[in-house]
Amino acid sequence: MNNKKNKLQYIQDYGSLIALVILIIVTSVISPDFRTINNFLSLLRQSAINGLIAFAMTCIILTGGIDLSVGSILALTSIICAHTIKLGLPAPIAMIVALIFGIVLGTVSGLMVTKSRLQPFIATLITMTGYRGLTMIISGGRPISRLGDNVILNQIGKGGFIGVPIPVWILLVFFVIFLFVLNKTVLGRQIYATGSNSKAAELAGININKIKLIVYAVSGFMSALSGLILVSRLGSAQPTLGSGYELDAIAAVALGGTSMTGGRGKITGTLIGILIIAVLNNGLNIIGVSSYYQDVVKALVIFLAVVSDRNR
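Residues numbered from 1 in each chain as written. Predicted model: local features only at pLDDT ≥ 70, side-chain atom pairs only at ≥ 80, totals over all residues. Heavy atoms only, no water.

## Considering the overall build of the chain
Counted only if it meets this: Secondary structure elements follow DSSP: runs of H or I no shorter than four residues count as helices, runs of E no shorter than two count as strands, and numbering proceeds from the N terminus. Within these notes, the globule rule equals 2.2 Å times the number of residues to the 0.38 power, and the radius of gyration is based on C-alpha atoms. Here a residue-residue contact requires only that any non-hydrogen atoms of the pair lie within 4.5 Å. Exposure was quantified through the Shrake-Rupley algorithm and a 1.4 Å probe, taking into account, for residues, occlusion by the shown protein chains and nothing else. When charges are tallied, Lys and Arg are placed among the positive residues and Asp and Glu among the negative ones, while His and the ends of the chain are skipped. Note that the charge is assigned to NZ on lysines, CZ on arginines, CG on aspartates and CD on glutamates.
Assigned secondary structure in the chain consists of 13 helices and two strands. Here the chain has a C-alpha radius of gyration of 20 Å; the compact-globule value for 312 residues is 20 Å, and the two agree. Principal-axis analysis of the C-alpha atoms places the extent of the chain at approximately 70 × 55 × 35 Å. In the chain, once contacts between residues fewer than 6 apart in sequence are set aside, the share between residues at least 24 apart is 77%. By element, 65% of the accessible surface of the chain is carried by carbon and sulfur atoms, the whole surface being about 15,300 Å². Positive and negative charge centroids in the chain, built from 23 and 9 side chains respectively, lie 5 Å apart.

Take a look at the structure:
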């Protein structure tokens, strides 16, 4: 009986990693093009944007919340960055302005959750819709291109270091930061406590509203940073950027084993979830599967992850 329990616990703890390994092996056998170094680097570069958003989404979900506005914040801050450059300011300053706006926009969502006491789903649905509308108004519904030739802006999305794309390095740096914060700091313990039992956390002296504001502000920052990487890669800011990114981020968190009710999960699991989605997208593209079928496959994977979480 104990052996069965141990095996079940093992599968629950390492199920997402096992799934990733199996997925990589199967896709490599089906398509030799998948297992090339260049393809793996491309896969990692593409996963960086979703990864940065998913790290912050992990913290929000750990507190028992959700953030649907990440894609809209990404688009709006990208347009703000592009407009700032067009006004004649240096690109580094425009990038800092975009990151500050990301923090502000994320904080607005947090205030709607904490001060207005709206459900996180409703609050971020409102900000998602509002921010997307503002993006269209500011941009006139048109992309902003010809942003000039700036080393920092170009390198953040298209550059490389010792053969590894810069976005991948950024992803790894923030993975280490989030890993440290969640596992080794008071803030990390408070994030877990807030999602595990908010009333008990309050009785223990934790300011849960402050914790929620912090994680939403961080989410806004990470969305803005992802937007800067996209602007660098594309060479322009488009008002449609970020559409559906919130779903990919939530999917990565769910696949990584973080409980959708909060209080339980690991950032390492989210990283595995990010890679599962990246391998799925990349492998299906190489094999030639239609994007419509890819969405169906992704939906089935998310369904299995959520059912597995409920069983746990």
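## Brief notes about the side chain of S28
Rule in force here: Buried residues are those whose accessible area, probed at 1.4 Å on protein chains only, stays under 20% of the maximum for their type, while exposed residues exceed 50% and partly exposed ones sit between those limits. In protein, a polar contact means a hydrogen-donor-capable atom and an acceptor-capable atom, both N or O and within 3.5 Å, with residues adjacent in sequence counting only if both atoms are side-chain atoms; elsewhere, any N or O pair within 3.5 Å suffices.
Secondary-structure assignment places S28 in helix α1 (residues 2-30). For S28, a relative accessible area of 12% gives the class buried. Only 2.7 Å separates the side chain of S28 from the backbone oxygen of I24, close enough to count as a polar contact. If sequence neighbours within four positions are ignored, S28 has contacts with F34 and R35.

## Overview of the packing of aromatic side chains
Quick reminder of the rule: To pair, rings of Phe, Tyr and Trp, with the six-membered ring standing in for Trp, must have centres within 6.5 Å; the planes then decide the type, stacked if under 30 degrees apart, edge-to-face if over 60, and tilted in the middle.
Scanning all chains against the criterion turns up five aromatic pairs. Pairing F55 with F175 gives two aromatic rings, centres 6.0 Å apart and planes at 45 degrees, and the pair type is tilted. With F55 in helix α2 (residues 37-62) and F175 in helix α7 (residues 166-184), this pair connects stretches of sequence that are 120 residues apart. Take F55 and F175: they sit in the same class, and that class is buried. Measuring from ring centre to ring centre gives 5.9 Å for F161 and W169, while their planes differ by 65 degrees; the resulting arrangement is edge-to-face. On the accessibility criterion, W169 (30% relative accessible area) is partly exposed. Through successive ring pairs, a cluster of aromatic residues spans F55, F175 and F178.

## What to know about the packing of helix α6 (residues 151-158) against helix α10 (residues 208-234)
Our working rule: Every axis in this analysis is a line fitted to C-alpha atoms, fitted for helices over the stretch in contact. Angles between the N-to-C directions lie between 0 and 180 degrees. Any angle that falls under 35 degrees is termed roughly parallel, while one over 145 is termed roughly antiparallel, one within 65 to 115 roughly perpendicular, and all others oblique. Only Asp, Glu, Lys and Arg are considered charged in this grouping, and only Ala, Val, Leu, Ile, Met, Phe, Trp, Tyr, Cys and Pro are considered nonpolar; every other residue, Gly among them, is considered polar.
Viewed as axis vectors pointing N to C, α6 and α10 meet at an angle of 100 degrees, and their least axial separation amounts to 7 Å. In terms of orientation, α6 lies roughly perpendicular with respect to α10. Of the residues in α10, those in contact with L153, N154, Q155, I156, G157 and K158 of α6 are L225, L228, I229, S232 and R233. Taken together, the residues of the contact of α6 with α10 break down into five nonpolar, four polar and two charged.

## As for unusual backbone geometry
Its identity is not glycine, yet R117 carries a phi of approximately 55 degrees, on the positive side. If you trace the backbone, R117 turns up in the loop between α4 (91-114) and α5 (120-139). R117 sits in the exposed class, given a relative accessible area of 67%. Positive phi outside glycine occurs at I162, with the angle close to 45 degrees. Inspection of the secondary structure puts I162 in the loop between β1 (160-161) and β2 (164-165). We classify I162 as exposed; its relative accessible area is 67%.

## Let's talk about the nonpolar core
Note that soluble globular proteins tend to have their nonpolar side chains buried in a common cluster. Rules: By convention a nonpolar core is built from buried Ala, Val, Leu, Ile, Met, Phe, Trp, Tyr and Cys residues, the set being connected through side-chain atoms within 4.5 Å.
Within the largest apolar cluster, 75 residues are counted, with the highest numbers of intra-cluster contacts made by L52, F55, I170, F174 and F178. With 13 residues, the top contributor of residues to this core is α2. Dropping the residues within four chain positions of it, F55 is found in contact with L171, F174, F175, F178, I267, T270, L271 and I274. With five residues, the next largest nonpolar core counts L76, I80, L105 and Y131 among its residues.

## Section: a nonpolar patch on the surface
Basically, it comes down to this: Two joining distances apply to patches: 9 Å for like charges and 5 Å for nonpolar side chains (Val, Leu, Ile, Met, Phe, Trp, Tyr), and every residue must have over 30% relative accessible area and no salt bridge. Think of a salt bridge as a Lys or Arg side-chain nitrogen and an Asp or Glu carboxyl oxygen that are within 4 Å of each other.
A cluster of nonpolar side chains, I18, I22, V26, I30 and I287, forms an exposed patch at the surface whose accessible area comes to about 420 Å². With respect to the helices and strands, I30 occurs in helix α1.

## Considering the side chain of S259
Mapping S259 onto the fold places it in the loop between α11 (245-255) and α12 (267-287). By relative accessible area, which is 3% here, S259 ends up buried.

## What to know about the environment of H83
Take H83: it is sitting in helix α3 (residues 70-86). The exposure class assigned to H83 is partly exposed, which follows from its relative accessible area of 31%. Remark: the alpha-carbon pair of H83 and N150, spanning 67 residues in sequence, is separated by 15 Å. Setting aside residues up to four positions removed in sequence, H83 forms contacts with I138, S139 and I144. A polar contact of 3.1 Å, which involves the side chain of H83, links it to the backbone oxygen of I138.

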